[in-house]
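Architecture at a glance
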Amino acid sequence: MMLETSNLLAKLDYTLLQGKIPAEVSGICQDNRKIEPGNLFICIKGDRFDSHTVIEDIVAKGAGLLVVERPPELPAVAPDGGTVPVILVPSTRIAMARIYAARYGYPAERIKLIGITGTKGKTTTTHMVHAVLEAGGFKVGAIGTTGVDYADQHISTQNTTPDSYDLQRYLRDMVDAGCEIAVIEVASQAELLHRVEAIEFDYSIFTNIAPGDHIGPAEHADFADYLRCKSRLFGHSRVAFVNRDDPHWREIVAGHNCRVYTYGTDPDADFRVPTIEDTPVHGLPGLRFTVGGHEYRLNRPGHFNALNATAAVCIGHAFGVAPDIMATALENLYIPGRLELIFSSPILRVCVDNAHNGYSLLHFFEAVRAYEPQRTVVVFGTGGNRQRDRRFEMGRIAGNSADLSIVTSQHSRYESFATILADIEVGLAETTGEYLAIEDRREAIEYVIRNARPGDFIGITGLGRTKYLSVNGQNVPFDDVATALEFLEKYGWK
């Protein structure tokens with residue numbers, strides 16, 4: 001299908017460097033390995049590759065129009081000797097988001113949008129909001145760490161917030177499927193890389209922010225940059241619900257024109273949570289809390305989860321969902337890969353969780369304590385090509401909180417396990433915690449199940465429901481849940 005070029009470029013600020021812009025292009029592409037003749041090609045500078053450096057190859061493959069953020073060194077000449085048109089924009093990532101928004105008919109303008117950001121709790125809160133709104137009778141789609149869900153469809157994704165070309169397509173599909181609302185996890189990287197450019201959110205949520213996380217060469221330069229990128233969401237939101245208990249809440253919304261409401265245990269919060277109590281829900285550890293005089297029960301432990309649920313209550317309130325309907329949804333919540341019990345018996349519990357940094361690992365152990373295990377065993381690792389401080393911190397937290405830690409591989413990317421382990425061991429050395437290092441993740445999971453004792457709570461962390469490990473630029477299939485269930489059966493627990 002040919003695409004009208006003037007429509008694609010309608011919201012771009014650009015300069016024509018050479019050639020004449022064609023009336024139509026055969027498609028849009030930003031991957032030089034997939035370009036087809038007549039495509040509008042967008043040059044993108046990434047962490048490891050910059051397609052501005054292979055413009056000759058792109059032109060040779062038949063590009064019909066180039067979008068660049070720096071002028072090419074050589075004139076772009078097509079194989080037939082003609083001049084390939086080139087337009088210069090301030091940012092090709094911003095241009096890409098706007099081009100794809102036009103390509104899919106600006107779907108964000110045809111659906112109510114809720115954006116959720118924070119260091120911890122984005123995925124949990126997304127599922128809570130989704131559950132509350134669906135219980136209220138709305139057709140809802142969700143996009144985040146656990147994938148894309150709408151109209152009984154599930155699509156696995158690699159990024160918390162998909163790149164703009166996928167994000168716009170998913171929104172278009174949701175609109176076509178009759179969804180009225182989309183809930184989107186907005187990672188700091190999504191704002192840094194303009195994945196949510198050209199999207200105006202009706203409502204946004206800030207859960208929390210932790211200094212020291214997501215800082216490094218491939219992420220943010222420092223905490224100030226991390227906070228600034230988190231804050232960007234509220235520059236294109238109409239209404240914000242922010243966690244007043246977080247010390248940085250004012251900085252998050254400073255300078256933005258959105259209408260701000262606060263929630264939390266703080267006495268001055270608009271949606272105040274005066275009490276949070278541990279209580280069994282459906283026979284397992286849970287919570288009871290109140291918001292606006294209404295009582296809610298949540299089938300998940302960890303007082304921090306009461307605040308995540310309160311954010312969902314705020315959204316439900318904004319959409320007119322009755323408190324009793326929200327209460328039922330929260331009492332029967334299911335969140336894949338977030339403290340998800342995949343096996344539970346009177347003598348052994350095994351769960352998977354996405355905890356992949358110090359902040360989330362600390363919350364994981366807080367929630368596990370509600371189960372009162374005789375022994376807590378954790379399988380964990382940290383990602384390669386990320387800041388080293390995260391590794392030290394995770395080592396310290398695991399060493400201080402678990403009776404036994406198994407350090408294993410987890411999205412090593414381009415680093416060796418030995419290098420990552422050495423950093424984790426710096427943190428472990430500051431504790432008296434017992435640990436073993438088993439590089440092969442499958443072997444690590446087998447070890448903890450083979451050696452499980454009655455009364456154990458085994459946590460397999462870092463992946464949740466993600467079904468791959470990132471190793472040397474490749475996504476190697478791996479499934480924590482399937483692996484654990486296999487060994488639970490092999491060693492007679494099931």
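Rules used in this analysis
Residues numbered from 1 in each chain as written. Predicted model: local features only at pLDDT ≥ 70, side-chain atom pairs only at ≥ 80, totals over all residues. Heavy atoms only, no water. Helix = DSSP H or I, 4+ residues; strand = E, 2+ residues; numbered from the N terminus. Rg over C-alpha atoms; globule rule 2.2 N^0.38 Å. Buried < 20%, exposed > 50% of the residue type's maximum accessible area, 1.4 Å probe, protein only. Contact = heavy atoms within 4.5 Å. Areas by Shrake-Rupley, 256 points an atom, 1.4 Å probe, with all protein chains shown as cover. Lys, Arg positive; Asp, Glu negative; His and termini not counted. Charge placed at Lys NZ, Arg CZ, Asp CG, Glu CD. Pairing = 2+ DSSP bridges. Axes fitted to C-alpha atoms, helices over the stretch in contact; angles between N-to-C directions. Polar contact = N/O pair within 3.5 Å; in protein donor to acceptor, adjacent residues only side chain to side chain. 1 Å grid on protein atoms, 1.4 Å probe; cavity = no way out; pocket = protein on both sides within 12 Å on 5 of 7 lines; lining within 4 Å. Points joined across faces, edges and corners; volume = space filled by probe spheres on them. Nonpolar A, V, L, I, M, F, W, Y, C, P; charged D, E, K, R; others polar. Phe/Tyr/Trp six-rings, centres within 6.5 Å; stacked < 30°, edge-to-face > 60°. Lys NZ or Arg CZ within 6 Å of the ring centre and 35° of its normal. Core = buried A, V, L, I, M, F, W, Y, C linked by side-chain atoms within 4.5 Å. Parallel < 35°, antiparallel > 145°, perpendicular 65-115°, else oblique. Left-handed = near helix turned anticlockwise from the far one by under 90°.

Before going further, it helps to examine the overall build of the chain. Check the secondary structure of the chain and you find 15 helices and 27 strands. Here the chain has a C-alpha radius of gyration of 24 Å; the compact-globule value for 494 residues is 23 Å, and the two agree. C-alpha extents for the chain along the principal axes are approximately 75 × 50 × 40 Å. Taking all 494 residues of the chain together, 57% fall into the buried category. Of all intrachain contacts in the chain linking residues separated by at least 6 positions in sequence, the fraction that spans at least 24 positions is 64%. Approximately 20,500 Å² of the chain is accessible, and the part contributed by carbon and sulfur atoms is 47%. Averaging the coordinates of the 48 positive side-chain charges in the chain and doing the same for the 62 negative ones gives two points 1 Å apart.

What follows concerns the sheet that holds strand β21 (residues 348-353). Spatially, the six strands line up as an open sheet ordered β20-β21-β25-β22-β23-β24, and their pairing is mixed. A strand with exactly one partner marks an edge of an open sheet, and here the two such strands are β20 (340-344) and β24 (434-437). Direction aside, the axes of adjacent strands within the sheet are offset by 15° on average. Sheet topology note: the β20/β21 ladder contains four bridges and is antiparallel. The partner of Glu 340 across the bridge, within β21, is Val 352. Contacts between helix α12 (residues 388-401) and the sheet are confined to β22 (375-380) and β23 (404-407), with β22 contributing the most and set at about 160° to the helix. Sitting on the sheet, helix α13 (residues 417-428) is in contact with β22, β23 and β24, with an inclination near 155° to β23.

Bringing the environment of Lys 122 into the picture now. Following the sequence through the fold, Lys 122 ends up in helix α4 (residues 122-135). In contact with Lys 122, not counting residues within four places along its chain, are Ile 116, Thr 117, Thr 160, Glu 185, Val 186, Ala 187 and Lys 230. Among the polar contacts made by the side chain of Lys 122, one reaches the main-chain carbonyl oxygen of Gly 118 at a distance of 2.8 Å.

Moving on, we come to empty space enclosed by the protein. Overall, the coordinates contain one cavity of 30 Å³ or more when judged by the stated rule. Estimated volume of the largest cavity: approximately 120 Å³. If you trace the largest cavity, you find 14 residues lining it, with Lys 120, Phe 304, Asn 305, Leu 339 and Asp 353 closest to the centre. For the lining of the largest cavity, the elements supplying multiple residues, two or more each, are α9 (303-318) and α11 (358-369).

As a volume, the second largest pocket reaches approximately 410 Å³. Together, 23 residues line the second largest pocket, and His 127, His 130, Glu 134, Asp 149 and Tyr 150 are the ones closest to its centre. Elements represented by at least two residues in the lining of the second largest pocket include exactly α4, β9 (140-144), β10 (147-150) and β11 (153-155). In terms of residue count, α4 provides more of the lining of the second largest pocket than any other element does, five residues in total. A per-class count over the lining of the second largest pocket returns ten nonpolar, nine polar and four charged.

Right, let's get into the packing of aromatic side chains. All told, the structure shown has twelve aromatic pairs when counted by the stated rule. Relative to Tyr 226, the ring of Phe 223 lies with its centre 6.3 Å away and its plane at 65°, an arrangement referred to as edge-to-face. Here the residue Phe 223 and the residue Tyr 226 both occupy positions in helix α7 (residues 223-232), the gap between them amounting to three residues, near one helical turn. Ring centres 5.7 Å apart and planes at 25° place the aromatic pair Phe 289 and Tyr 296 in the stacked group. Of the two residues, Phe 289 and Tyr 296, neither departs from the other in class, the shared state being buried. Above the ring of Tyr 106, the side-chain terminus of Lys 11 is found at 4.3 Å from the ring centroid. Against the face of Tyr 414 rests Arg 48, its NZ or CZ located 3.5 Å from the ring centre.

Another aspect to go through is unusual backbone geometry. Positive phi values are uncommon outside glycine, yet His 411 reaches one of about 45°. Secondary-structure assignment places His 411 in the loop between β23 and α13. Phi is positive for Asn 472, which is not a glycine, with a value near 50°. In this fold, Asn 472 is placed in the loop between β26 (468-471) and β27 (474-477).

Ile 114, Val 129, Leu 133, Phe 241, Phe 289, Ile 315 and Leu 330 are the most contacted members of the largest nonpolar core, which has 37 residues in total. Sequence-distant contacts of Ile 315, that is, excluding residues within four places in its chain, are made with Ile 114, Val 129, Leu 133, Tyr 203, Ile 205 and Phe 241. One finds Ala 108, Ile 111, Cys 179 and Ala 240 within the second-largest nonpolar core, a separate group that totals 31 residues.

Running from N to C, α11 and α12 point in directions that differ by 10°, and their axes come no closer than 9 Å. Classified by the interaxial angle, the pair formed by α11 and α12 is roughly parallel. Considering the relative orientation of α11 and α12, their crossing is right-handed. For the pair α11 and α12, the contacting residues are Gly 358, Leu 361, Leu 362 and Phe 365 in the first and Glu 393, Met 394, Ile 397, Ala 398 and Ser 401 in the second. Here the contact of α11 with α12 is built from residues that sort into six nonpolar, two polar and one charged.

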